[in-house]
Amino acid sequence: MTLTSSQKQKSIRAGEIAKEVKKWIKPQIKKGMTLLEIAEKIEDKIRELKGKPAFPTNLSINEIAAHYTPSYSDETKANGLLKVDFGIHVDGWIADTAFSVDLENSEENKKLIEASKEALKNAIKEVGKKSSLGEIGRVIQETIESKKFSPIINLTGHQMEEYELHGEQTILNIENSRQEILEEGLYAIEPFATTGSGKIYEGKQSGIYILINGKNVRSPEARKVLDFIGDEYQTLPFCSRWIVKKFGTKSLFALKQLEDNGNLHQYPQLVEASHAKVSQAENTILVDGGVIVTTE
Ligand code: CO
């Protein structure tokens, strides 16, 4: 999809905020800090820079590959191999980026982090060479396997459109037969590397939701929460922590009602099948004749 110049500018601005937040938060992340504190720092900084969080900050430890965001009362402390995945949007135009940190001074963690980082770098080079999606996947897989790790085969990069985090196109992290190249548009590329089998399964519920249906709900309290979600997040993911912040803990029941009524979908945590450690690296690119990495 071709973006207008204003849409491109918004995408680039979102990326600039992402860069600034990343540079600012990285040196502050220490073992033993609560995940809640890290998430709130990131999200507050995004707002301070006049962006909005495009989705709840994901802070996933070790075998949890993605979709862990702290709840409002979460006491989990940062440790192990931590993936920090956050997003910014400017009027619905998104920058999605992730990095991994080793909080236990482990050689293996460091190598695993290096593997996904290098796979990301090589994948973006392939996009620049107008390689096919199959070739991009092959390069990601090869880079990670050359370091004796495995890519996660059922997590993919994704296209992003206005207020849409997961657009039509996906970018696989393994070799595949897709011949097409990435057309003009906005994409997140996100290789995951693991010491395990390379598959994830759906674990516990995450408290991360997305609006799927605006149909009526009987409870006035739930209706109020639904209206807020529609106005504030539209079709972007949000979390129970944000709703509690706005409406108090009584809104947790409203969320349950909205989920039961079919208004919301709740995402499960994504856990590596052999419970092995996972690293992730992610940047957003704007493909527009050339390739602009908006988040680095
Ligand atoms: Co992403």
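None of the values given here were measured: they were computed from a predicted structure.

1. Here we look at the environment of Phe149
(1) Moving on: Within the secondary structure layout, Phe149 lies in the loop between helix 4 (133-146) and strand 5 (150-151).
(2) Moving on: Contact partners of Phe149, with chain neighbours within four places excluded, come to Glu108, Lys111, Leu112, Ala115, Ile144, Thr194 and Thr195.

2. As for the packing of helix 1 (residues 5-25) against helix 2 (residues 35-48)
(1) Moving on: Orientation of helix 1 relative to helix 2, taken along the N-to-C sense of each, is 140 degrees, at an axis distance of 10 Å. Relative to helix 2, the element helix 1 lies oblique. The two elements helix 1 and helix 2 cross, and the hand of that crossing is right-handed. Along its contact with helix 1, which presents Ile17, Val21, Trp24 and Ile25, the element helix 2 presents Lys41, Ile42, Lys45 and Ile46.
(2) Moving on: Of the residues contributing to the contact of helix 1 with helix 2, the split by class is six nonpolar, no polar and two charged.

3. A look at the coordination of the cobalt ion
(1) Moving on: The protein atoms that coordinate the cobalt ion are Asp96 (OD), His158 (NE2), Glu190 (OE) and Glu282 (OE), at distances spanning 2.1 to 2.4 Å.
(2) Moving on: One way to put it: the four donor atoms around the cobalt ion meet at angles of 80 to 167 degrees, and that makes the site irregular.
(3) Moving on: Written as a sequence motif, the donor arrangement for the cobalt ion is D-x61-H-x31-E-x91-E. On the criterion of sequence distance, the pair formed by Glu190 in the loop between strand 8 (185-189) and strand 9 (192-194) and Glu282 in the loop between strand 13 (278-280) and strand 14 (283-288) is long-range, its members being 92 residues apart.

4. Some thoughts on the nonpolar core
(1) Moving on: Core analysis: the largest hydrophobic core is formed by 27 residues, its most contacted members being Ile29, Leu35, Ile38, Ile42, Leu82, Val84 and Phe86.
(2) Moving on: Listing elements by their share of this core, those giving two or more residues are helix 1, helix 2, strand 1 (52-61), strand 3 (81-90) and strand 4 (93-102).
(3) Moving on: If we ignore the near neighbours within four places in the chain, the residues touching Ile42 are Val21, Ile25, Thr57, Val84 and Phe86.
(4) Moving on: If you look at the next biggest cluster of nonpolar residues, it comprises 22 residues, including Leu81, Val127, Ile144 and Tyr187.

5. Looking at the pattern of salt bridges
(1) Moving on: Under the defined criterion, the tally for this structure stands at 19 salt bridges.
(2) Moving on: Of the charged contacts, one joins Glu135 and Arg138 as a salt bridge, the two residues approaching to 2.8 Å between their closest N and O atoms. A residue pair is termed a helical-turn pair when its members lie 3 or 4 positions apart in one helix, as Glu135 and Arg138 do in helix 4 at three residues.
(3) Moving on: Among the residues examined, Glu135 registers a relative accessible area of 27% and is labelled partly exposed.
(4) Moving on: Owing to a relative accessible area of 25%, Arg138 belongs among the partly exposed residues under this scheme.
(5) Moving on: Among the ionic contacts, a cluster of salt bridges with common partners joins Glu40, Glu43, Arg241 and Lys245.

6. Some thoughts on a positive patch on the surface
(1) Moving on: Taken together, the side chains of Lys26, Lys117, Lys121 and Lys125 make up a positively charged region of the molecular surface.
(2) Moving on: Residue Lys117 is classed as partly exposed on the basis of its relative accessible area of 48%.

7. Regarding the domain arrangement of the chain
How big an interface is tends to be stated in terms of the accessible area lost upon association of its parts.
(1) Moving on: If you check the domain split of the chain, you get domain 1 (5-202 + 270-293) and domain 2 (206-269).
(2) Moving on: Each of domain 1 and domain 2 has a C-alpha centre, and the two are 25 Å apart.
(3) Moving on: Tallying the contact residues gives 29 residues for domain 1 and 19 residues for domain 2.
(4) Moving on: Of the roughly 1900 Å² buried between domain 1 and domain 2 on both sides combined, carbon and sulfur atoms contribute 60%.
(5) Moving on: By the criterion of area lost to domain 2, the three top residues of domain 1 are His67, Tyr72 and Tyr163, representing 36% of everything that side buries.
(6) Moving on: Where domain 1 meets domain 2, there are four salt bridges.
(7) Moving on: The closest approach of N and O atoms between Lys245 and Glu40, which form a salt bridge, is 2.7 Å.
(8) Moving on: Our enumeration of links across domain 1 and domain 2 arrives at eight residue pairs in polar contact (both at pLDDT 80 or more).
(9) Moving on: Among the elements of the structure, helix 2, strand 1, strand 2 (64-66), strand 10 (200-211) and strand 12 (264-272) are those that each provide at least two residues to the side of domain 1 that touches domain 2.
(10) Moving on: Of the residues forming the side of domain 1 that touches domain 2, the biggest block, seven residues, is contributed by strand 1.
(11) Moving on: By residue class, the composition of the side of domain 1 that touches domain 2 is 17 nonpolar, six polar and six charged.

Calculation criteria
- Residues numbered from 1 in each chain as written.
- Predicted model: local features only at pLDDT ≥ 70, side-chain atom pairs only at ≥ 80, totals over all residues.
- Heavy atoms only, no water.
- Helix = DSSP H or I, 4+ residues; strand = E, 2+ residues; numbered from the N terminus.
- Contact = heavy atoms within 4.5 Å.
- Axes fitted to C-alpha atoms, helices over the stretch in contact; angles between N-to-C directions.
- Parallel < 35°, antiparallel > 145°, perpendicular 65-115°, else oblique.
- Left-handed = near helix turned anticlockwise from the far one by under 90°.
- Nonpolar A, V, L, I, M, F, W, Y, C, P; charged D, E, K, R; others polar.
- Donors = N, O, S within 2.8 Å, 3.2 Å for Na, K, Ca; no water.
- Tetrahedral: all angles 85-135°; square planar, octahedral: opposite > 155°, others 65-115°.
- Core = buried A, V, L, I, M, F, W, Y, C linked by side-chain atoms within 4.5 Å.
- Buried < 20%, exposed > 50% of the residue type's maximum accessible area, 1.4 Å probe, protein only.
- Salt bridge = Lys/Arg side-chain N within 4 Å of Asp/Glu carboxyl O.
- Patch = residues over 30% accessible without salt bridge, like charges linked within 9 Å, V, L, I, M, F, W, Y side chains within 5 Å.
- Areas by Shrake-Rupley, 256 points an atom, 1.4 Å probe, with all protein chains shown as cover.
- Lys, Arg positive; Asp, Glu negative; His and termini not counted.
- Charge placed at Lys NZ, Arg CZ, Asp CG, Glu CD.
- Domains from an automatic or database assignment.
- Buried area = accessible area lost by both parts, 1.4 Å probe.
- Polar contact = N/O pair within 3.5 Å; in protein donor to acceptor, adjacent residues only side chain to side chain.

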